[in-house]
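# Breakdown of the fold
Okay, here's what each chain looks like letter by letter:
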Amino acid sequence: MTIDLSNPNSDFSDISFTKEDMAVIAMPSFGGRAPAIAIERLGRIAGNGARCTLVAVYGNRAYEDTLVEMEDAAKKCGFQVVAAIAAVAQHSIISKYASGRPDSSDEKQLAQFAKQIAGKKDCAVSIPGNRPYKKPGGAGLVPKPSKDCVKCGACAKSCPVSAIDPDNFSANAKKCISCMRCMKNCPHNARKVNGTMVSIAAMAIKKACSTSKESELFL
Ligand SMILES: Cc1cc2nc3c(=O)[nH]c(=O)nc-3n(C[C@H](O)[C@H](O)[C@H](O)COP(=O)(O)O)c2cc1C
């Protein structure tokens, strides 16, 4: 069973696990933190003692406090955290970083991690990160419809926080979490972000992204 924490139309409070279940809870790292909306939605699920593996997906810069924030949220709603993974994927704003990842070697490594987790007998796990967590910082990039927009509505449907007006397809800057999903899902490549701001963001993380990082397993 897959539960999509990015679905704004789901209530989540009717979802409950049992002690016999094993869950994989995955979130992207945004600014070294878990997305607040995903943490809030996870909090409505009843873990009831189910074992879980946490997966923080990050774009080769850093995942910082993402996993500890997920650990705290998962425990709070009743999951037993048995393992955690920091997994590298192509950066969703600056696609030249970690481009093409996860690749076949990442996939092999993740399959190996799954075997190690399945063979784990105890529940103790030490997860890297700081408490209190680092301050959340928005990317401040709000995609806008361009002249190529045909008003098909794919962007509004795919927005995890219902930030896109279904009539004029502009995004509410206060609600937008800059996840870039509307851009990715636009069949006409008609949503754009400010190119100068993307270039500045790319420069700011250039050094941190200069070496290719390996995914990590914490048992
Ligand atoms: C708003 C935002 C903030 C991000 N912050 C980070 C970050 O702090 N460190 C990092 O390595 N990647 C960061 N990324 C890249 C994503 O973590 C990565 O591309 C994502 O996990 C891929 O999954 P997705 O395509 O489902 O978003 C960020 C991406 C976005 C959209």
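Residues numbered from 1 in each chain as written. Predicted model: local features only at pLDDT ≥ 70, side-chain atom pairs only at ≥ 80, totals over all residues. Heavy atoms only, no water.

## Focus: unusual backbone geometry
Note: most peptide bonds trans; most residues except glycine with negative phi. To be explicit about the condition: Secondary structure follows DSSP: runs of H or I at least 4 residues long count as helices, runs of E at least 2 residues long count as strands, and numbering of each begins at the N terminus. Burial status follows relative accessibility: with a 1.4 Å probe on protein chains alone, a residue under 20% of its type maximum counts as buried, one over 50% as exposed, and anything between as partly exposed.
Cis geometry marks the peptide bond from R101 to P102, where omega comes out at 5°. Relative to the assigned elements, P102 resides in the loop between β3 (80–88) and α3 (104–118). Cis rather than trans, the peptide bond between R131 and P132 has omega equal to -5°. Here P132 shows up in the loop between α3 and β4 (144–145). Of note in this structure, F12 is not a glycine but carries a positive phi near 70°. Tracing the sequence through the fold places F12 in the segment before β1 (22–28). For F12, a relative accessible area of 0% corresponds to the buried category.

## Brief notes about the site of the ligand
The condition is simple: Whether a residue is near a molecule or strand depends on its heavy atoms: it is near if one of them lies within 4 Å of it. The definition of a polar contact used here is a pair of N or O atoms within 3.5 Å, where within protein one atom must be able to donate a hydrogen and the other to accept one, and adjacent residues in sequence count solely through side-chain atom pairs. We get accessible surface area from the Shrake-Rupley algorithm with a probe of 1.4 Å; when it comes to residues, only the shown protein chains can shield them. As used throughout, domain bounds are those supplied by an automatic or database domain assignment.
Neighbouring residues of the ligand: 20 residues in total, closest S29, G31, A62, Q90 and S92. In this structure, an oxygen atom belonging to the ligand sits 2.9 Å away from a side-chain N or O atom of K184. Expressed as a share of its isolated accessible area of 620 Å², the protein-covered part of the ligand is 85%. Counting contributing residues per domain, the shell around the ligand is built from domain 1 (22–133 + 209–218) and domain 2 (144–193), each supplying no fewer than three.

## Some details on the packing of aromatic side chains
The test is simple: Within 6.5 Å between ring centres, the rings of Phe, Tyr and Trp (the latter by its six-membered ring) count as paired, and their orientation is classed by plane angle as stacked under 30 degrees, edge-to-face over 60, tilted in between.
One pass over the full model with this rule turns up 2 aromatic pairs. Where F17 meets F79, the ring centres are 5.2 Å apart and the plane angle is 65°; that geometry is what we call edge-to-face. Here the residue F17 occupies a position in the segment before β1, and F79 occupies one in the loop between α2 (66–76) and β3, the gap between them amounting to 62 residues. Considered together, F17 and F79 belong to a single accessibility category, that of buried residues. An angle of 65° between the planes, with centres 5.1 Å apart, marks the rings of Y58 and Y63 as edge-to-face. With a relative accessible area of 10%, Y63 lands in the buried category.

## Side note on empty space enclosed by the protein
Space left empty within the atom packing is revealed by a probe, the size of a water molecule, rolled over the atoms. Our working definition: Two kinds of site are reported from a 1 Å grid over the protein atoms alone, namely cavities, where a 1.4 Å probe fits but cannot get out, and pockets, open sets with protein on both sides within 12 Å along at least five of seven lines, and residues are called lining when an atom falls within 4 Å of a point. Grid points are joined across faces, edges and corners, and a volume is the space filled by probe spheres set on the points. Ten residue types, Ala, Val, Leu, Ile, Met, Phe, Trp, Tyr, Cys and Pro, are classed as nonpolar, four, Asp, Glu, Lys and Arg, as charged, and the remainder, Gly among them, as polar.
The tally for this structure, following the rule as stated, stands at 2 cavities of 30 Å³ or more. Size it by volume and the largest cavity reaches roughly 90 Å³. For the largest cavity, the lining is made up of 15 residues, of which C159, I164, C176, C179 and C182 are closest to its centre. By residue class, the composition of the lining of the largest cavity is 12 nonpolar, 1 polar and 2 charged. Each pocket or cavity is described by its volume, and for the second largest cavity that value is around 80 Å³. In terms of lining, the second largest cavity is formed by C149, V150, K151, C152, G153, A154, C155, C186, P187, H188, A190 and R191. Residues belonging to the lining of the second largest cavity are distributed by class as follows: 8 nonpolar, 2 polar and 2 charged.

## Considering the sheet that holds strand β2 (residues 51–58)
Formally: Any two strands with at least two DSSP-identified bridges between them are counted as paired. Note on definitions: angles span 0 to 180 degrees between N-to-C directions of axes, and those axes are lines fitted to C-alpha atoms, for helices only across the stretch in contact. The contact definition used throughout considers only heavy atoms, calling two residues in contact when any of these lie within 4.5 Å.
The strand order across the open sheet formed by 4 strands is β1-β2-β3-β6, and the pairing between neighbours is mixed. The two strands at the open ends of the sheet, each matched to only one other strand, are β1 and β6 (216–218). Averaged over all neighbouring strand pairs, the angle between strand axes comes to 15°, with direction disregarded. Note: β1 against β2, 7 bridges, orientation parallel. Paired with A23 across the strands is C52, a residue of β2. Its contacts with the sheet put α2 on β1, β2, β3 and β6, and the angle it makes with β2 is roughly 150°. The sheet strands contacting α3 are β1, β2, β3 and β6, and the helix crosses β3 at an angle near 170°.

## Some thoughts on the domain arrangement of the protein chain
Just so we agree on the cut-off: Each of two parts loses accessible area, computed with a 1.4 Å probe, when they are put together; buried area is these two losses added. Salt bridge, as used here, is a side-chain nitrogen of Lys or Arg placed within 4 Å of a carboxyl oxygen of Asp or Glu.
Under the domain assignment used here, the protein chain contains domain 1 (22–133 + 209–218) and domain 2 (144–193). On a C-alpha basis, the centroid separation for the pair domain 1 and domain 2 is 27 Å. Counting from both sides, the interface comprises 5 residues of domain 1 and, opposite them, 7 residues of domain 2. For the pairing of domain 1 and domain 2, the buried interface totals around 450 Å² over both sides, and the portion due to carbon and sulfur atoms is 68%. Together, F30, S92 and I93 form the three largest contributors to the area buried by domain 1 at its contact with domain 2, with a combined 66%. Summed over the shared surface of domain 1 and domain 2, the result is 0 salt bridges.

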